[in-house]
Amino acid sequence: MDFPILDTQVYGHPLVYLDNAATTQKPQQVIEALTNYYLTLNSNIHRGTHYLATQATERYEAVRQQVQQFIHAASNKEIVFTRGTTESINLVAATFGRQFLHKGDEVIVSGMEHHSNIVPWQLACEQVGARLRVIPFSDEGVLDLEVYRSLFSTRTRLVAVNHVSNTLGTVNPVKEIVGIAHGHGVPVLIDGAQAIAHMPVDVQDLGCDFYCFSGHKMYAPMGVGVLYGREELLNQLPPYQGGGEMIKDVTFEKTTYNELPYKFEAGTPSVGDVLGLGAAIDFIQSRGMDSIVRHEEQLMSYAMDRLATVPNIRFFGTAPGKVGVISFLLGNAHPYDVGTLLDKLGVAVRTGHHCTQPIMDRYGIPGTVRASFACYTTTADIDALHAALLRIEPMLM
Ligand code: PMP
């Protein structure tokens, strides 16, 4: 069994874990990488001359290389370890904001962003008197690229959009979005939190300037994430946090900064979690990204067909080719009530606004019930969700 936690019993039912968009479970290999680090390697990296420090440093830097290859970055200087997507986006918003945003400037985001890809830009804009422009989306959950094209002006400084919506499952045409922005000389940040475990990501092919993701949504431990940034652009940004490791020389008069990527890695990083991320990439590659994609495609089509037979179900997000996530309501029942009853039957889903309140406002609803998949999700899990919904639907209608 790769995922020991999936054997859990919940209120006498076998756990059906359908909250993978919030966080995926961890395979045995990842748990072992983490415990082995603390059992055999624990030490602080980069500064040590002793055996453990050298070994830990080598392993940590090897994972950077692994990530570089995994997302096909041009150089390992472009891979910055962070705590997760949120920190990666905040890093760019704060530093890019300081360097390039001025009064009257504009940042384009989409209407289907996670709060993590809205609020950091609002903070950066507030500092200087810049503003957000928002790409709208259709009832199905498809971005309106015509409006997007019309949002550009001489004041546009950056575009920030997600690759896959955590609420709607829409796979956004990010390569096209990047192409349009670059046509105006505007860089693009992609929030890849919901894409990275579900499809191959090639940052050079996408052409994006920044790509952000969290380890814990791709079978790795919590506490580690990645910021990919094009070297040329990262070099133009000021440091984010000050501290150890990010400096070259410090005097009270003047400090010079370390080279990439260390300039953006102040302080002691989460070394064990980074090694866990390496093990998670090994895990994904051993399953094969292509076979994960095929499996999840079949699962999505099975699940949409099956759930469509539940009386009074209403889906939110029906874009063609959507990935990983099914958001729905049962009639006008509150999503929290549906989630609570599902839980009592052993089915773990998420309810609420999923940190995407503007999406809820767009549809005029308080929230949704969200079932989300991972590579270990089976048609039996979907059947269990379906059976549970059939049971609770009459109670709520
Ligand atoms: N963006 C998207 C699309 C997400 O789904 C999430 C997590 N729900 C985040 C950003 C934030 O990720 P984290 O909490 O791991 O920083």
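Quantities reported herein were computed from a predicted structural model and do not represent experimental measurements.

How each quantity is defined
- Residues numbered from 1 in each chain as written.
- Predicted model: local features only at pLDDT ≥ 70, side-chain atom pairs only at ≥ 80, totals over all residues.
- Heavy atoms only, no water.
- Core = buried A, V, L, I, M, F, W, Y, C linked by side-chain atoms within 4.5 Å.
- Buried < 20%, exposed > 50% of the residue type's maximum accessible area, 1.4 Å probe, protein only.
- Helix = DSSP H or I, 4+ residues; strand = E, 2+ residues; numbered from the N terminus.
- Domains from an automatic or database assignment.
- Contact = heavy atoms within 4.5 Å.
- 1 Å grid on protein atoms, 1.4 Å probe; cavity = no way out; pocket = protein on both sides within 12 Å on 5 of 7 lines; lining within 4 Å.
- Points joined across faces, edges and corners; volume = space filled by probe spheres on them.
- Nonpolar A, V, L, I, M, F, W, Y, C, P; charged D, E, K, R; others polar.
- Near = heavy atom within 4 Å.
- Polar contact = N/O pair within 3.5 Å; in protein donor to acceptor, adjacent residues only side chain to side chain.
- Areas by Shrake-Rupley, 256 points an atom, 1.4 Å probe, with all protein chains shown as cover.
- Buried area = accessible area lost by both parts, 1.4 Å probe.
- Salt bridge = Lys/Arg side-chain N within 4 Å of Asp/Glu carboxyl O.

Observations concerning the nonpolar core
With 78 residues, the main nonpolar core has Ile71, Tyr148, Val159, Tyr211 and Tyr219 as its most contacted residues. The dominant element in this core, judged by the number of residues it contributes, is helix α9 (residues 271-287), at nine residues. Counting contributing residues per domain, this core is built from domain 1 (4-18 + 289-396) and domain 2 (29-285), each supplying no fewer than three. What Tyr211 contacts, discounting residues up to four positions off in sequence, is His163, Ile190, Gly192, Ala195, Ile196, Val201, Val203, Leu206, Val226, Leu227 and Tyr228. Membership of the second largest hydrophobic core comes to 26 residues, among which are Leu307, Phe328, Ile382 and Leu385.

A few points about the layout of surface pockets
Once rolled over the atoms, a probe with the size of a water molecule shows which space is left empty. Roughly 470 Å³ of volume is contained in the largest pocket. Around the largest pocket sit 25 residues that line it, and Thr86, His114, Ser116, His216 and Lys217 are the ones nearest its centre. Examining the composition of the lining of the largest pocket, we find that three residues originate from one element, helix α3 (residues 85-100), more than from any other. Class assignment for the residues of the lining of the largest pocket results in six nonpolar, 13 polar and six charged. Per-domain counts for the lining of the largest pocket show at least three residues from each of domain 1 (4-18 + 289-396) and domain 2 (29-285).

Overview of the site of the ligand
Surveying the vicinity of the ligand reveals the residues Thr85, Thr86, His114, Ser116, Asn166, Asp191, Ala193, Gln194, Ser214, His216 and Lys217. Contact between the ligand and Ser214: an oxygen atom at 2.7 Å from a side-chain N or O atom of the residue. His216 is positioned such that a nitrogen or oxygen atom in its side chain is 2.7 Å from an oxygen atom of the ligand. Against a free-state accessible area of 400 Å², the protein chains account for coverage of 85% of the ligand. The residue inventory of the shell around the ligand, partitioned by class, reads one nonpolar, eight polar and two charged.

Focus on the domain arrangement of the protein
Taken domain by domain, the protein comprises domain 1 (4-18 + 289-396) and domain 2 (29-285). Domain 1 and domain 2 are separated by 29 Å when their C-alpha centres are compared. Every contact between the two is made by 30 residues of domain 1 and, on the other side, 30 residues of domain 2. Counting the surface lost from both domain 1 and domain 2, the interface buries some 2,300 Å², and carbon and sulfur atoms represent 61% of this. Counting the contacts that link domain 1 with domain 2 gives one salt bridge. The interface formed by domain 1 and domain 2 contains 16 residue pairs in polar contact (both at pLDDT 80 or more). For the side of domain 1 that touches domain 2, the secondary-structure elements that each account for two or more residues are α10 (289-307), β14 (325-330) and α12 (357-363). A per-element tally of the side of domain 1 that touches domain 2 places α12 first, with six residues. The class makeup of the residues in the side of domain 1 that touches domain 2 is 18 nonpolar, eight polar and four charged.

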